[in-house]
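Here are the chains, one letter per residue:
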Amino acid sequence: QVQLVESGGGLVQAGGSLRLSCAASRNIVNTMGWYRQAPGKERELVATITFAKSTNYADSVKGRFTISRDNAKNTVVLQMNSLKLEDTAVYYCYAWFKVDTWGQGTQVTVSS
């Protein structure tokens, strides 16, 4: 079992930046990442990163968001720049540890 704890969500104006952090309760040697779910929509991939730090991004966030991880500290960070109204969602930290594992979610609200 592993627990994922997110932090860093909040309210920001369009064009601003936020940094989301996720701490795992134990070492994760598999893929970690971030997903998001907006009201009335399905959960969607934002970005993932492997233990070797290979990254993958949704087309909608490429060039604006950066995912990184610190394997020694069991953390993954999502730096979000140039935020848009459509980035408003609950963001969930993800890790694969025998099963799909999710954090509790953190709200990101982008205002005009």
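All values reported here derive from a predicted model rather than from experimental measurement.

**Q** Residue-level account of the overall build of the protein chain, with values.
**A** Helix and strand counts for the protein chain stand at 0 helices and 11 strands. Listing each helix as α and each strand as β along the protein chain from the N terminus yields β-β-β-β-β-β-β-β-β-β-β. Here the C-alpha atoms of the protein chain give a radius of gyration of 13 Å, agreeing with the 13 Å that 2.2 N^0.38 yields for 112 residues. With the C-alpha coordinates aligned to their principal axes, the bounding extent of the protein chain is approximately 40 × 25 × 20 Å. Out of the 112 residues in the protein chain, the part that is buried amounts to 42%. Taking as baseline every contact in the protein chain between residues at least 6 positions apart, the subset at least 24 positions apart corresponds to 52%.

**Q** Give me the lowdown on the layout of surface pockets, citing residues and values where you can.
**A** When its volume is computed, the largest pocket comes out at roughly 150 Å³. As for the largest pocket, its lining consists of 13 residues, and the residues nearest its centre are Arg36, Ala38, Lys41, Glu44 and Glu86. Of the residues in the lining of the largest pocket, the class split is 2 nonpolar, 3 polar and 8 charged.

**Q** Which residues make up the packing of aromatic side chains, and what values do they have?
**A** A full pass over the atoms with the stated rule returns 3 aromatic pairs. Taking the centre distance of 5.1 Å and the plane angle of 80 degrees together, the rings of Tyr35 and Trp102 count as edge-to-face. Here Trp102 lies in strand β10 (residues 99–102) and Tyr35 lies in strand β4 (residues 32–37), a separation of 67 residues in the sequence. Taking relative accessible area as the criterion, Tyr35 reaches 18% and is therefore assigned buried. The class of Trp102 is partly exposed, set by a relative accessible area of 33%. Lying over the aromatic face of Tyr92, Arg43 brings its terminal NZ or CZ to 3.7 Å of the ring centre.

**Q** Go over the pattern of salt bridges with me, naming the residues and quoting the values.
**A** For the structure on display, the rule yields 4 salt bridges. Asp87 is the salt-bridge partner of Arg36, the closest N and O atoms lying 2.9 Å from each other. Linking Arg36 in strand β4 with Asp87 in the loop between β8 (75–80) and β9 (89–97), this pair joins segments that are 51 residues apart in sequence. Given a relative accessible area of 5%, Arg36 falls into the buried group. In this structure, the salt-bridge partner of Arg64 is Asp87, at a minimum N-O distance of 2.7 Å. Taken as a pair, Arg64 in the loop between β6 (55–57) and β7 (65–70) and Asp87 in the loop between β8 and β9 lie far apart in primary sequence, 23 residues in all. Accessibility assignment for this pair places Arg64 and Asp87 in one class, buried. One connected set of salt bridges, linked through shared partners, spans Arg36, Glu44, Arg64 and Asp87.

The rules we used
Residues numbered from 1 in each chain as written. Predicted model: local features only at pLDDT ≥ 70, side-chain atom pairs only at ≥ 80, totals over all residues. Heavy atoms only, no water. Helix = DSSP H or I, 4+ residues; strand = E, 2+ residues; numbered from the N terminus. Rg over C-alpha atoms; globule rule 2.2 N^0.38 Å. Buried < 20%, exposed > 50% of the residue type's maximum accessible area, 1.4 Å probe, protein only. Contact = heavy atoms within 4.5 Å. 1 Å grid on protein atoms, 1.4 Å probe; cavity = no way out; pocket = protein on both sides within 12 Å on 5 of 7 lines; lining within 4 Å. Points joined across faces, edges and corners; volume = space filled by probe spheres on them. Nonpolar A, V, L, I, M, F, W, Y, C, P; charged D, E, K, R; others polar. Phe/Tyr/Trp six-rings, centres within 6.5 Å; stacked < 30°, edge-to-face > 60°. Lys NZ or Arg CZ within 6 Å of the ring centre and 35° of its normal. Salt bridge = Lys/Arg side-chain N within 4 Å of Asp/Glu carboxyl O.

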